[in-house]
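Residue-level structural notes
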Amino acid sequence: EAEPEGRGPPVAVLRGGGATLPEPFTMSGSHLSKEFFELVKAIGESKSKQEEDRIIIEEVTALKKRMPETGTSKKKMKELLVRLIYVEMLGHNGEFGYIKAVELTASTNLLQKRVGYLTASLVLSPDHDFRFMMVNQLQRDMNSINHLECWAALTAVSKLVTVDMVPAVIGDVVKLLKHDVELVRKKAVMALHRFYQIQPESVEHLTDKIRRALCDKDPAVMAASLCMLADLVQGNPSAYKDLVPSFVSILKQITEHRLPRDYDYHRIPAPWIQIRLLRIMAILGAADQAVSEGMYEILIDVMRRADTGINVGYAIMYECVRTVTTIYPNVTLLDTAASSIARFISSDNHNLKYLGITGLAEIVKDHPRYAADHQLAVIECLEDPDDTLRRKTLDLLYRMINPVNVEFIVAKLISVLEGTTDEFLRSDLVSRITTSSERFAPDNGWYVRTMTRVFELAGDLVQNEVAHNLMTLIAEGSGDDEELDMQLRMDSVEHLAKIVLSEVDESEHETSVMPSIVIQIIAWVLGEYGYLIASTELADEMPLPVMMDCLAKITERPDLDGPTRAYLLTCLMKLVVHSGQPPPSRLVQLIEAYGRSSDLNVQQRCMEIQALLQLDSASLVDLLPADASCEDLEEDGELSFLDDFVANALNAGATPYVAPVDEDEEFEAELASEGNTGFKIGAYAAPEKQHVAQGQGGVLGQGGGGPGGPGGPGGMGGPGGPSGPGGPGGPSNPYGSTAAADMMVPPITKPQGNAIGGGGGGLGGGGVSGPWGATPPAAAPAPS
């Protein structure tokens, strides 16, 4: 976007500076061989991916053979690198030629150097080691006296630089901000912008230089600085609000055609620079009245001058609308923006309509009063065949709804819902209609009719909470006026009864066309308030017997799910009670038939209804009173109504109920009775000390001598020595020791074997000699 519109690279011939520029300096392809064009033609004419891969594989083989040849000139190497780019573009590996691209960047021919830089920037991955090999060459080119070499290096820096390379090249880039040639200064600003994108902290100290670049005498440098300033402003708007006068001044100069004609596009002066300035101003003027006031005049002027009837002018007008709706509001600006949007919406061009809908949505978001003027035009867009435009219009209509126009707009949305088969659009429509009806319903009757229609059209897409809210509204009403609430119930009964009649009349077949949720709502409402049909205009056409017959026909349909059929059976039972007449034979047959249903819920309902039908009329009225859905139920946690039943059972000899005892509770009760309900935190008593005499065995393979000494252990696998006599007064024990020792052991006899291959112990401690040691006796005899 920083490139001047309509201006290409310069055409020149250098006579010095170590670089030659081919004449003419173009990339038309005249410097490429016929072989290259045949390759491109073959790729373009390939009929399948397999054929294309075969061509590229042959090309890779040829490149691998020709690139390493010592006699290949740099001019030919340039063409080979271009062919390598084609190889990489088509998904094949060309890493064998990467080093040649790095080598070609050192060429003195500018075109060859640019091809080397271009190839490297396209094929080298960000972490490739060859990028670091190019740092020295980039530094040499940026310090060259030839400004075209500087320009080529800066272009490569913007493409090749990584976070690790920034410190090595940023100094040279900053120096080039003061270069005499405007093209080099512009490229230097673009390189700094790239540094900011990959490592923002690397250029934080250079904001003053970017500000000076904004005031550069060349428009190209100024345009390049706007790109970086846009990112800086996005990150910290408050630090750049002092630049608003400069932005306004630049925008004014552009609109007054003070820039060279090279920047015009279809007679619009520098449109891309205008759009960039408008976006920056929108950020700086947001929620700031003082800053925004300095923009009002120029924004009106830009909108007026951009209204030329061409696409680029429409783009500027749309960006002005976005800016106007973002900055601190101004009535004059908003009026101008709304009138500009009207031209977009009324256009026959789908793209302009989309822009108009999007722009009007921006205005209506904070200023809904502008919606009324364009309401009809927006609604017409709902009938447009463009799906994207219809969805955008749906979003706008949702924002435009208010208590005044809710009936009209919701009616249009329902008509669109009737005609569309797009499931995603239907889901959006149902969600928007439901939310809008709940927020802006003019009265409860309208809400009931609207939501019932939505349930009919797309009941499977409506959340269950909406159906519950609808039934709650019918049952409770507003709560302020009982007469109005009763009228709401009568209107609801009449409306739903008409739906039942039309359903039965229009669908004599056995397949239900209504969603299950609609049938459930009808069953609940008619079951609670069906008796009110006598006070409506349908009293003669649909009395209670006819209503029950129609509902019974719907109940008989085989495609109904279990919960819906249960709703209908309960409704029929309530209507029987309200009518005060015996149940019709059709209902009795239904109950008998579905009493054997595989659905346990339906089966249970039928059994309960059969039991209720055995009661008298007075009991049924007490059990199923009219309009009792909102009555509070009293909870009897003790089940006192069963007291008489329990007493009679006990008198008849039944066993009294004994509640099971929880083991944990029983244990806690025992602890509580003993007064020990906590952990023991005191010190335990010290264990008693016991003196145990120990004897000493003899050496390996030899019996022990001396009084009280047991026989020594035998050699590995050999027999043990004979037991020696016990010494006087020395108690013999299984441990074979006569020396007294204080041992913290309990007063029990502990058997202990001798070492591997050991012999028997002494008298009273002798054991049987075994292959792995002696087995001591279980207890020691009395001392000798």
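The rules behind these values
- Residues numbered from 1 in each chain as written.
- Predicted model: local features only at pLDDT ≥ 70, side-chain atom pairs only at ≥ 80, totals over all residues.
- Heavy atoms only, no water.
- Helix = DSSP H or I, 4+ residues; strand = E, 2+ residues; numbered from the N terminus.
- Contact = heavy atoms within 4.5 Å.
- Areas by Shrake-Rupley, 256 points an atom, 1.4 Å probe, with all protein chains shown as cover.
- Phe/Tyr/Trp six-rings, centres within 6.5 Å; stacked < 30°, edge-to-face > 60°.
- Buried < 20%, exposed > 50% of the residue type's maximum accessible area, 1.4 Å probe, protein only.
- Lys NZ or Arg CZ within 6 Å of the ring centre and 35° of its normal.
- Core = buried A, V, L, I, M, F, W, Y, C linked by side-chain atoms within 4.5 Å.
- Salt bridge = Lys/Arg side-chain N within 4 Å of Asp/Glu carboxyl O.
- Expected span 1.5 Å × (residues − 1).
- Polar contact = N/O pair within 3.5 Å; in protein donor to acceptor, adjacent residues only side chain to side chain.
- Patch = residues over 30% accessible without salt bridge, like charges linked within 9 Å, V, L, I, M, F, W, Y side chains within 5 Å.
- Arc of directions from axis to C-beta.
- Axes fitted to C-alpha atoms, helices over the stretch in contact; angles between N-to-C directions.
- Parallel < 35°, antiparallel > 145°, perpendicular 65-115°, else oblique.
- Left-handed = near helix turned anticlockwise from the far one by under 90°.
- Nonpolar A, V, L, I, M, F, W, Y, C, P; charged D, E, K, R; others polar.
- pLDDT = per-residue confidence, 0-100.

Tallying secondary structure elements over the protein chain gives 34 helices and four strands in all. When contacts within the protein chain are restricted to residue pairs at least 6 apart in sequence, long-range pairs at least 24 apart make up 64% of them. Accessible area for the protein chain stands at about 41,500 Å²; split by element, carbon and sulfur atoms hold 52% of it.

Under the criterion given, the structure shown has five aromatic pairs. Relative to Y529, the ring of W524 lies with its centre 6.3 Å away and its plane at 75 degrees, an arrangement referred to as edge-to-face. Residue classification places Y529 among the buried positions, given a relative accessible area of 0%. When the ring centre of Y398 is taken as origin, the NZ or CZ atom of R432, which lies over that ring, is 4.9 Å away.

The next point concerns the nonpolar core. Soluble globular proteins: nonpolar side chains tend toward being buried together. Residues L192, F195, F247, I273 and F455 are the most contacted members of the largest nonpolar core, which totals 185 residues. The leading source of residues in this core is helix α12 (residues 219–235), at eleven residues. Ignoring anything within four residues of it in the chain, the contact list for F247 reads L214, L226, L229, L277, I280, M281 and L284. In terms of nonpolar packing, the next biggest core, distinct from the first, is built from 18 residues, V60, L80, L81 and L84 among them.

Take unusual backbone geometry next. Its identity is not glycine, yet R267 carries a phi of approximately 70 degrees, on the positive side. Tracing the chain through its elements places R267 in the loop between β1 (264–265) and β2 (268–269). Here A287, not a glycine, exhibits a phi torsion of approximately 60 degrees, which is positive. Structurally, A287 can be placed in the loop between α14 (271–285) and α15 (289–293).

Taken as a whole and assessed by the stated rule, the structure comprises 33 salt bridges. The partner of D395 in a salt bridge is R432, and the shortest N-O contact between them spans 3.0 Å. You can see D395 sitting in helix α21 (residues 387–400) and its partner R432 sitting in helix α23 (residues 423–440), a full 37 residues away along the chain. Notably, a salt bridge pairs R586 with D549, separated by 3.1 Å at the nearest N-O pair. Residue R586 is located in helix α30 (residues 585–594), and its partner D549 is located in helix α28 (residues 544–555); the two are separated by 37 residues in the primary sequence. One salt-bridge network, held together by shared partners, links E35, E59, R66, K76, E79 and R83.

Within an α-helix, residues lying three or four positions from one another point in the same direction, as the helix has 3.6 residues per turn. The terminal C-alpha atoms of helix α8 (residues 147–160) lie 20 Å apart, and with 14 residues this matches the ideal 20 Å at 1.5 Å per residue to within 8%. With eleven of its 14 residues buried, α8 lies for the most part within the structure. The complete set of buried residues in α8 reads L148, E149, C150, W151, A152, A153, L154, A156, V157, S158 and L160. Buried residues in α8 make contact with α5 (110–123), α6 (130–133), α7 (135–142), α9 (166–175) and α10 (182–198). Capping the start of α8 is the job of one residue whose side-chain oxygen sits 3.0 Å from the backbone nitrogen of L148: N146.

This part is about a nonpolar patch on the surface. A contiguous nonpolar surface patch, about 590 Å² in accessible area, is contributed by L639, F641, L642, F645, V646 and L650. Considering the arrangement of structural elements, one finds L650 in helix α33 (residues 643–651).

Given a rise of 1.5 Å per residue, 13 residues ought to cover 18 Å, and the 18 Å separating the end C-alpha atoms of helix α31 (residues 600–612) matches this to within 8%. When α31 is considered as a whole, its buried residues turn out to be V602, C606 and I609. The buried residues of α31 occupy an angular sector of 65 degrees when the element is viewed end-on, so they sit on one face. One side-chain oxygen at the N-terminal end of α31 lies 3.0 Å from the backbone nitrogen of N601; it belongs to D599.

The N-to-C vectors of α28 and α30 enclose an angle of 25 degrees; their axes lie 10 Å apart at closest approach. Taken together, the axes of α28 and α30 lie roughly parallel to each other. Considering the relative orientation of α28 and α30, their crossing is left-handed. Between α28, through D549, A552, K553 and T555, and α30, the contact on the second element is made entirely by R586, L590 and Y594. In the contact of α28 with α30, the residues fall into three nonpolar, one polar and three charged.

With that settled, the discussion passes to the packing of helix α1 (residues 34–45) against helix α3 (residues 74–89). In the contact formed by α1 and α3, the axes pass within 11 Å of each other and the chain directions differ by 10 degrees. Comparing their axes, α3 and α1 come out roughly parallel. Side by side, α1 and α3 meet where E35, F36, L39, V40 and I43 of the first sit next to K76, E79, V82, R83 and Y86 of the second. Residue composition of the contact of α1 with α3, by class: six nonpolar, no polar and four charged.

Let's shift gears to the confidence of the model for the protein chain. Confidence along the protein chain averages 81 in pLDDT terms, with 79% of residues attaining 70 or more. Within the model, pLDDT remains below 50 along residues 1–27, and this stretch shows 51 contacts once partners closer than five positions in the same chain are excluded. pLDDT under 50 marks residues 692–784. Its contacts with residues more than four places away, or in other chains, come to 173 contacts.

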